[in-house]
Amino acid sequence: MKLFLASFLLYSFVFCQAQELPVKFQPGIISNGGEFGLTISPDSKRALWVRSGGKRDTLVIMESVFRDGQWQKPAIAGFSAGQGQWKDIDPMFSPDGSTLFFQSNRPVPGLPQRTGFDIWAVKRKASGWCVPYHLGNTVNTDSSESYASVAANGNMYFMKNDEQGIGSSDIYVAEYVNGSYQQPRNIGSPVNTGERESNPFISPDEDYLIYFSSDSSGFGEVDLYISFREGGNWGKPINIGAPVNTRDAEFCPFYHSGEKRLYFSRQVKTEGRLMEDLYSVPFDPMDYRKADRQVQRKPFVLGYTEEFYSKELKENRVLNIYLPDGYREGDTVRYPVIFLLDGAADEDFIHIVGLLQYNNFPWIDRVPKSIVVGIANVNRRRDFTFPTTVAEDKKLWPATGGSAAFIRFMKKELQPYVESRYRTGGGRTLIGQSLGGLLATQILFEKPAMFDRYIIVSPSLWWDNGSMLQRIPAVAGARDLPFTQVYIGVGKEGLTPGKNPRVMEDDAKLLVGKLNAIGHPSLKIFFDYLPAEDHATVTHPAVFNAFRLLYPVKVTQ
């Protein structure tokens, strides 16, 4: 998943430096959906990372070498737990590449009661890895320590779970003096807060720190931040911003100064496992230092873009997702969902979300806060039409007639996908215009319970010579139909295309009459004629009116 950066890129005064999209690190070879915590040697010839397999019951450190122009098949690092008898995590090279730091819950000599993670190190020689050694009990305690990163002077930064800390986890530093580590100290605010701070990467010169925080002002569950050291004190953290940070969890940062790339891990929670992958992006920390001293900005983020494979359609489908203000991971509040046909960035997604957000203003509070799922098109004529019997129309538009498969996709795949990833509840709305309005009408006729609100704008009922208007809607005989509201809006649009032109306004009125004639007590129909609009301009004002009709003014007693 990636952030939906609306194509016009509005800017506010917070920072975003990384404009290129992050890419997975060696997909299929190294990053396979169950890896995190990558480090790469200074000469870019050796990589180590953690293999989790999507769960945390077995954690081993993997290794690959770069040879003959490519990364070789990974193997378990020689010092790691090949049999899974303990867990090893968070490898990190020292700036000179001679030492690798990692954390493990392997037995600590003389401390059989210790079960948490401690910091260990292992030297690398030409012959291979040496025997790992424990970093002692000044740095390590009965609390877990993890993600150790070392500056060129030996000072070590790491995360520690400490009941005496500022937040649930904090970043500490242990200074390296005369060959030994001193008592760790909490680096304090503004880096550490009442939230979780962890995974510190310290620069070789100890002049900047990249880490993650669960600060609620971020993009997602945890975001990556950078802080610069000035005069011995850490400065105000800067959110690294999009497209690195998303609504998911970004963690385990590592900056390779030779490659000028930021490596990090991204975690997506799914049912039964964690999807964890390694990513990289071109990156220059000094751009953030300039921004810290000057104007700071980031793209105005409207939502998120997700892509998944549809078995029904046998292709990848792109979704644009808008989450309402206040939507937070871990909350229990559930939100209605608006499914939007023609939902790409260059279609109707942006302006429909704007209408919703406008009606969510506290001083308006007309429409409930909702999730919007914009379905980007692949071939709308194929997906939104049923087979036609008009031979001339078949010749004009041969790739049509796939609406049955698209409806199955929406019912069997799309709706369950959205409900599994987001906190949904309180109703489903479908918005469709033109051919999208035809599809919405077909769903209303054949599977009315899929949605409880339909916003149908300028439906292309001319298709197949108006045969949809000759059908008997399933709702006519439905005994257990939940309360369903249908808005039908049309502009002054005149003759339709096709072999046998029809008048779109007349067809819309025929549809309203057909539905009203059913007289079903659970079906409420709204008709809206917008004579100042045509087929190109009607969508926005029609949806605005639909929101007003479907959600009347709240009357206070």
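See the structure above.
Residues numbered from 1 in each chain as written. Predicted model: local features only at pLDDT ≥ 70, side-chain atom pairs only at ≥ 80, totals over all residues. Heavy atoms only, no water.

Visitor: I'd like a rundown of the overall build of the protein, residues and numbers included.
Guide: Scanning the protein from terminus to terminus reveals nine helices and 36 strands. In terms of its C-alpha atoms, the protein occupies a principal-axis envelope of roughly 90 × 55 × 45 Å. When burial is assessed residue by residue, the protein has 55% of its 557 residues classed as buried. Put simply, of all contacts in the protein between residues at least 6 apart along the chain, 60% involve residues at least 24 apart. Counting only carbon and sulfur atoms, one obtains 51% of the accessible surface of the protein, whose full area is about 24,100 Å². Charge centroids of the protein, computed over 61 positive and 62 negative side chains, lie 4 Å from each other. (Helix = DSSP H or I, 4+ residues; strand = E, 2+ residues; numbered from the N terminus. Buried < 20%, exposed > 50% of the residue type's maximum accessible area, 1.4 Å probe, protein only. Contact = heavy atoms within 4.5 Å. Areas by Shrake-Rupley, 256 points an atom, 1.4 Å probe, with all protein chains shown as cover. Lys, Arg positive; Asp, Glu negative; His and termini not counted. Charge placed at Lys NZ, Arg CZ, Asp CG, Glu CD.)

Visitor: Break down the pattern of salt bridges for me, with residues and values.
Guide: Inspection of the entire model under this criterion finds 23 salt bridges. Ionic pairing is found between arginine 185 and glutamate 175, a salt bridge with its closest N-O pair at 3.5 Å. Residue arginine 185 is located in strand S19 (residues 185-186), and its partner glutamate 175 is located in the loop between strand S16 (170-174) and strand S17 (176-177); the two are separated by ten residues in the primary sequence. According to the relative accessible area criterion, arginine 185 is partly exposed, its value standing at 39%. For arginine 382, the salt bridge goes to glutamate 315, with nearest N and O atoms at 2.7 Å. With arginine 382 in helix H3 (residues 380-384) and glutamate 315 in strand S30 (residues 315-322), the pair connects residues that are 67 residues apart, well separated along the chain. Each member of the salt-bridge network shares a partner with another, and the members are Glu315, Arg317, Arg382 and Asp383. (Salt bridge = Lys/Arg side-chain N within 4 Å of Asp/Glu carboxyl O.)

Visitor: Account for unusual backbone geometry, with residues named and values stated.
Guide: Residues apart from glycine generally show negative phi values, whereas peptide bonds are mostly found in trans. A cis amide bond links serine 189 with the next residue in sequence, proline 190, at an omega value of 10 degrees. Looking at the element boundaries, proline 190 is found in the loop between S19 and strand S20 (197-202). Here the bond from alanine 242 into proline 243 is cis, since omega is 5 degrees, no more than 30 degrees from zero. Counting through the fold element by element, proline 243 comes out in the loop between strand S24 (238-239) and strand S25 (249-256). Phi angles above zero are rare outside glycine, and serine 458 is one such case at about 45 degrees. Counting through the fold element by element, serine 458 comes out in the loop between strand S34 (453-457) and helix H7 (463-466). With relative accessibility at 0%, the residue serine 458 sits in the buried group. Notably, aspartate 464 is not glycine yet its phi reads approximately 55 degrees, a positive angle.

Visitor: Any chance you could break down the sheet that holds strand S27 (residues 273-282) for me, citing the residues and the numbers?
Guide: Spatial strand order, S3-S27-S26-S25: four strands in an open sheet with antiparallel pairing. The open sheet has two edge strands with one neighbour each: strand S3 (23-24) and S25. The sheet contact formed by S3 and S27 spans two bridges and is antiparallel. Opposite lysine 24, over in S27, you have tyrosine 279 as the bridge partner. (Pairing = 2+ DSSP bridges.)

Visitor: Describe the side chain of glutamine 267, naming the residues involved and giving the relevant values.
Guide: Its place among the elements puts glutamine 267 in strand S26 (residues 261-270). You can call glutamine 267 buried: its relative accessible area is 12%. Among the polar contacts made by the side chain of glutamine 267, one reaches the side chain of glutamate 276 at a distance of 2.8 Å. With residues near it in sequence (within four places) discarded, glutamine 267 still touches Arg56, Asp248, Ala249, Phe251, Leu274, Met275 and Glu276. (Polar contact = N/O pair within 3.5 Å; in protein donor to acceptor, adjacent residues only side chain to side chain.)

Visitor: Tell me about helix H2 (residues 349-359), residues and numbers included.
Guide: The set of residues buried in H2 consists of Phe349, Ile352, Val353, Leu355, Leu356 and Asn359. Buried residues along H2 cover an arc of 155 degrees about the axis, so they all sit on one side. (Arc of directions from axis to C-beta.)

Visitor: Any details on the sheet that holds strand S15 (residues 156-160)? Residues and values, ideally.
Guide: Taken together, four strands build an open sheet; the order of strands is S14-S15-S16-S19 and the sheet is antiparallel. Among the strands making up the open sheet, the edge pair consists of strand S14 (145-150) and S19. As paired strands, S16 and S19 are joined by two bridges and run antiparallel to one another. Looking across to S19, one finds that valine 173 is bridged to arginine 185.

Visitor: An account of the packing of aromatic side chains is requested, with residue identities and associated values reported.
Guide: If you walk through the whole model with that rule in mind, you get 31 aromatic pairs. Measuring from ring centre to ring centre gives 5.9 Å for tyrosine 358 and phenylalanine 361, while their planes differ by 75 degrees; the resulting arrangement is edge-to-face. Assessed through its relative accessible area of 24%, phenylalanine 361 is described here as partly exposed. Geometrically, the ring pair formed by phenylalanine 384 and phenylalanine 406 is edge-to-face, given 5.6 Å between the ring centres and 75 degrees between the ring planes. In this pair, phenylalanine 384 sits in helix H3 while phenylalanine 406 sits in helix H5 (residues 403-421), placing the two residues 22 residues apart along the sequence. With relative accessibility at 1%, the residue phenylalanine 384 sits in the buried group. Note on phenylalanine 406: relative accessible area 0%, which makes it buried. (Phe/Tyr/Trp six-rings, centres within 6.5 Å; stacked < 30°, edge-to-face > 60°.)

Visitor: Tell me what's going on with the packing of H5 against helix H6 (residues 435-446), and back it up with residues and numbers.
Guide: For the pair H5 and H6, interaxial distance at closest approach is 11 Å and the crossing angle is 70 degrees. Relative to H6, H5 is oriented roughly perpendicular. Contacts from Ser403, Phe406, Ile407 and Met410 in H5 reach Leu439, Gln442, Ile443 and Glu446 in H6. (Axes fitted to C-alpha atoms, helices over the stretch in contact; angles between N-to-C directions. Parallel < 35°, antiparallel > 145°, perpendicular 65-115°, else oblique.)

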